[in-house]
Amino acid sequence: VQLQASGGGLVQAGGSLRLSCTTSLRTLNTYSVAWFRQAPGKERKFVAVNGGTTDVTFYSDSVKDRFTISRDNDKNTVYLQMNSLTAEDTAVYYCAAAKRVGVRFAQVTSYDYWGQGTLVTVSS
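Summarised in this report is the structure supplied together with it. (Residues numbered from 1 in each chain as written. Predicted model: local features only at pLDDT ≥ 70, side-chain atom pairs only at ≥ 80, totals over all residues. Heavy atoms only, no water.)

### Describing the packing of aromatic side chains
Two aromatic rings are characterised by how far apart their centres lie and by the angle between their planes.
Part 1: For the coordinates displayed, the defined rule picks out seven aromatic pairs.
Part 2: Ring geometry for phenylalanine 36 against phenylalanine 46: centres 5.8 Å apart, planes inclined by 75°, an arrangement best described as edge-to-face. Here phenylalanine 36 is found in strand 4 (residues 32-38), whereas its partner phenylalanine 46 is found in strand 5 (residues 45-50), with 10 residues between them in sequence.
Part 3: For phenylalanine 46, a relative accessible area of 12% puts it in the buried group.
Part 4: Each member of the aromatic cluster is reached from another via a ring pair, and the members are Phe36, Phe46, Phe58, Phe105, Tyr111 and Trp114.
Part 5: When the ring centre of tyrosine 94 is taken as reference, the NZ or CZ atom of arginine 44 above it lies at 3.6 Å.
Part 6: One Lys or Arg, arginine 44, reaches over the ring of tryptophan 114 and ends 5.0 Å from the middle of that ring. (Phe/Tyr/Trp six-rings, centres within 6.5 Å; stacked < 30°, edge-to-face > 60°. Helix = DSSP H or I, 4+ residues; strand = E, 2+ residues; numbered from the N terminus. Buried < 20%, exposed > 50% of the residue type's maximum accessible area, 1.4 Å probe, protein only. Lys NZ or Arg CZ within 6 Å of the ring centre and 35° of its normal.)

As structure tokens, this is what we get:
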């Protein structure tokens, strides 16, 4: 199983980016897919998750109302639309997938498959 994250880059504060996570998972709609991020020297942190069968979404408080996670199961792709970016959003962003995460959706250890990460740099 492969997850390929892309779409990162350099953007000015206040700008937007859309990240994509393309997977080889044949039944993507049955997986929960999440985005995490890791800033330099810091631990990997939860950003957002989309439940596969339920299509329920959750966001960390730091990105709520600015970021939107969505998916296109026909394209085997999950997106993270990021708006109103700030320097604090600078990090490597990872997508991750798992069949069942339940209430532990924000924990790194809940996910079985990970992408390689894409770097987002926000200049202030």
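### Notes on the pattern of salt bridges
Part 1: This structure, assessed with the given rule, holds three salt bridges.
Part 2: The salt bridge partner of aspartate 61 is lysine 64, with a shortest N-O separation of 3.3 Å.
Part 3: Here aspartate 61 falls in the exposed class, since its relative accessible area comes to 66%.
Part 4: What makes lysine 64 partly exposed here is its relative accessible area of 41%.
Part 5: In this structure, aspartate 89 and arginine 66 form a salt bridge, with 2.8 Å as the shortest nitrogen-oxygen distance. Of this pair, aspartate 89 sits in the loop between strand 8 (77-82) and strand 9 (91-98) while arginine 66 is found in the loop between strand 6 (57-59) and strand 7 (67-72), placing the two residues 23 residues apart along the sequence.
Part 6: Put simply, Arg37, Arg66 and Asp89 are held in one network by salt bridges that share partners. (Salt bridge = Lys/Arg side-chain N within 4 Å of Asp/Glu carboxyl O.)

### Some words on the nonpolar core
Part 1: Counting residues in hydrophobic clusters, the biggest one holds 26 residues, and the most contacted among them are Trp35, Val47, Phe67, Leu80, Met82 and Tyr93.
Part 2: Of all elements in the fold, only strand 1 (3-6), strand 3 (17-23), strand 4, strand 5, strand 7, strand 8, strand 9 and strand 11 (118-123) reach the threshold of two or more residues within this core.
Part 3: If one sorts the elements of this core by residue count, strand 9 sits on top with four residues.
Part 4: Setting aside residues no more than four positions away along its own chain, phenylalanine 67 makes contact with Arg37, Val47, Tyr59, Leu80, Gln81, Met82, Asn83, Leu85, Asp89 and Tyr93.
Part 5: In this structure, Val49, Ala96, Ala98 and Tyr111 belong to the second largest nonpolar core, which totals nine residues. (Core = buried A, V, L, I, M, F, W, Y, C linked by side-chain atoms within 4.5 Å. Contact = heavy atoms within 4.5 Å.)

In short, shape yes, function no, at least from these values alone.
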